[in-house]
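As a plain string of letters, each chain reads:
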Protein chains: 2
Amino acid sequence: MKEFFKVTDLETVLDYRTEFPRVGLEQVPLPEAVTRILAEDIVADEDIPDFPRTIVDGYAVQGASTFGASEGNPAYLAVTGSIAMGASSKFEIAPGEAARIATGGMVPPGADSVVMIEHTEAIDDTTIEVYRSVAPGQNMIAIGEDINRHAVVLSKGQVIRPQEAGLLAALGKQQITVYQKPVVGIVSSGDEIIPISKTPQVGQIRDINTYTLAGLIQDAGAVAVPYGIVRDDFEMLLEKCTLALSHCHMVLISGGSSVGTRDFTVDVLSALQDAKILVHGISISPGKPTILARVKNKSFWGMPGHVVSAMIVFSKVVRPFVEHLAGQSGTEDSVLRLQARLSRNVASKQGRVDFIRVRLRHEGSRLWADPVLGKSGLISTMVNANGLVQIDINTEGLDKGALVEVVPI
Amino acid sequence: MKEFFKVTDLETVLDYRTEFPRVGLEQVPLPEAVTRILAEDIVADEDIPDFPRTIVDGYAVQGASTFGASEGNPAYLAVTGSIAMGASSKFEIAPGEAARIATGGMVPPGADSVVMIEHTEAIDDTTIEVYRSVAPGQNMIAIGEDINRHAVVLSKGQVIRPQEAGLLAALGKQQITVYQKPVVGIVSSGDEIIPISKTPQVGQIRDINTYTLAGLIQDAGAVAVPYGIVRDDFEMLLEKCTLALSHCHMVLISGGSSVGTRDFTVDVLSALQDAKILVHGISISPGKPTILARVKNKSFWGMPGHVVSAMIVFSKVVRPFVEHLAGQSGTEDSVLRLQARLSRNVASKQGRVDFIRVRLRHEGSRLWADPVLGKSGLISTMVNANGLVQIDINTEGLDKGALVEVVPI
């Protein structure tokens, strides 16, 4: 029990991430690559576009043929043809000439810009009046203007959003090399925990944490594997943890909040081969009674038993490990933080990082963070909250009206 | 063509949402319900917890037995037993008595609070010294303190986050009634569009928009069904659209940006049974050439051809329709908006809503929005952006340093 008070600070815990190897790679078809983590740099092997392309409907011209044109003094151009969509142009544009062209069509050789149809009037089948001048390059995309051949357009470790999928489609990439999804096992432990299908007898409680953690794991881009509920029994817990470790990249022991479960977690970890306890308590609140061990090269967590503590520890501590395993780069900067003002004072102890549950509220253009009060055993407080505020280790509480950064949950 | 200039404003377009019925319901097992939309109010049929539960390790007592206790003047209590985890207590606590209890255990009858083990010292097997007083209710959760029987704890239309899954687990809900995922078809059209597996000939371009839109549809919680590429041919387009409409809740025509494709979209819509064109152009930029029709009771969109325009129209116009179909309530308030300062002037025309692509950048505690410049045909500009700023219809541009709200993309 005394070891619980040799707590580790949050940054030191997060630094242990690099001790764990990233998961392996796999190839997936492009449509399945969205939300996945790219596992290779993507170098463009083509110019996009690879032909000069108009972005308006109108006439391809030499810009110089239109210089000085206005409503009162239009330029007269000879229409020498029409550009078919999706085809190469068969003719060249000379000074004083124009070719009809629809958005997306290829600007023909000789032409360097496109006059919008709205700024022209057809006089007859072969002559137009042009009422505005266009500069060379106007209303068109030049070869390589979107993507330059040989450029590194996407980097290993990036999340593939819809626009990155579009870029990959533009380059004709049908199979994408991504990191596998980390597999995270959940072993639920505690004599008082029962399956959600059962009706609790007095003193018993349903297995809330497995479902909450499974949702968080999925939300972090990993695969959750629940291993069911184990009683506070050394042999049974050891067996289940050994099984989970053999199948998963990471294992969470969850559920029991009693000192009994915590002690069993430490005993089981000590009995596993090649195990080293790295963290035994973290200087955060809630979430102090968290255990991190390295077993072979996998991370093994003893999660706090209270559901709010477990959720906060997952979001602030375990999730960065999952993202590291998953190959994600630049985690810190990608976290959304909203600036809001606290609507009431909140207390905090120096010497630990406090996480306050808040509910965000728009009031005109101002965003307020209303602290959600309640014990960390109450799932309802997390249901009422939609953000977390971090109070740093050297801060003793925050005053009403203080500007805080809120991470949405 | 002239009709294009009778544009509809954004709010009016969004108001059409209610003309389309929500999708049907289905039952899913709890673990699959995370990220889905709840389709029924959830009323608690039990108190959670349904027994008084300690949230610390220590001794269950009557608070009054500890009043006035301090380091210098401890209270002496008689230890009458130990509470087993997950079991009902067999005895009552009288004044001056205490029972050993571990976190999660049932506070026995007679006791009204729990003294933390850290604030006690065992004198012998049956006596403890207590150094701090506890108030009735302290360090425990009362019956129904988390969830009150008969309370409406979750509402129809809510997104099920991990914490809502935890709440449902607490109540023993194994099967959850959720809205089905809307099915959105994508018909790609345009003579210049080729499958991504092909190498473009001069004048051709790969089908970027289908992959981008499919990613956005998935991200909005719906199922994307690509129907492949159709040439600008009335009969073929009509046939494909009829097929897509018969299988999907919503159909997008995408890909071609030429006036030819737009004209075909209108012709095909006019030829479909029970079709009414509701919107033919929207006063937004980019995204003006957007068409919305109601065909029977389904929405049918002619999307702009440029990929940036298509993405912005999806995010700002089509997505709210998807969320409406999906049963989601309170869409507006759930959209995250970050406050940032513009790092340079941006121009905007009055009479339309402009959407500016930006890249967010933290500089100390200040968040900057760097406008990403570039034509709307360039997918690379969306890859470089991670947010959108809306400039309202009556605003003529924004100055460097202006405070803006950024919606992440």
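Residues numbered from 1 in each chain as written. Chains lettered and ligands numbered in written order. Predicted model: local features only at pLDDT ≥ 70, side-chain atom pairs only at ≥ 80, totals over all residues. Heavy atoms only, no water.

### What about the overall build of chain A?
Consideration 1: The number of helices and strands found in chain A is 8 helices and 26 strands.
Consideration 2: At 31 Å, chain A has a C-alpha radius of gyration far larger than the 22 Å of a compact globule built from 409 residues.
Consideration 3: When its C-alpha atoms are laid out on the principal axes, chain A stretches across 90 × 50 × 40 Å.
Consideration 4: Taken across its 409 residues, chain A has 57% of its residues classed as buried.
Consideration 5: Long-range contacts, defined here as pairs at least 24 residues apart, represent 72% of the contacts in chain A between residues at least 6 apart. (Helix = DSSP H or I, 4+ residues; strand = E, 2+ residues; numbered from the N terminus. Rg over C-alpha atoms; globule rule 2.2 N^0.38 Å. Buried < 20%, exposed > 50% of the residue type's maximum accessible area, 1.4 Å probe, protein only. Contact = heavy atoms within 4.5 Å.)

### Quick notes on the sheet that holds strand β5 (residues 75-82) of chain A
Residues and elements named next belong to chain A.
Consideration 1: Read from one edge of the open sheet, 6 strands run β7-β4-β6-β5-β9-β8, paired in mixed fashion. Because the sheet does not close on itself, it has two edges, and the strands there are β7 (113-116) and β8 (120-124). Pairwise comparison of adjacent strand axes, ignoring direction, gives a mean angle of 40 degrees for this sheet.
Consideration 2: Direction of pairing for strand β4 (residues 58-61) relative to β7: antiparallel, over a ladder of 4 bridges. Residue pairing for β7: A60 is matched across the bridge by V114. (Pairing = 2+ DSSP bridges. Axes fitted to C-alpha atoms, helices over the stretch in contact; angles between N-to-C directions.)

### Let's talk about the relation of the copies chain B and chain A
Consideration 1: Note on the identical chains: chain B maps onto chain A by a rotation of 180 degrees and an axial translation of 0.0 Å, with an RMSD of 0.0 Å. The superposition of one copy onto the other is thereby described by a two-fold rotation axis. For chain B, the smallest separation between a C-alpha atom and the rotation axis is recorded for L338 of chain B, amounting to 2.8 Å.
Consideration 2: Of all interface residues in chain B, 100% are interface residues in chain A too; the two copies therefore contact each other through one and the same surface. (Least-squares fit on C-alpha atoms with pLDDT ≥ 70 in both.)

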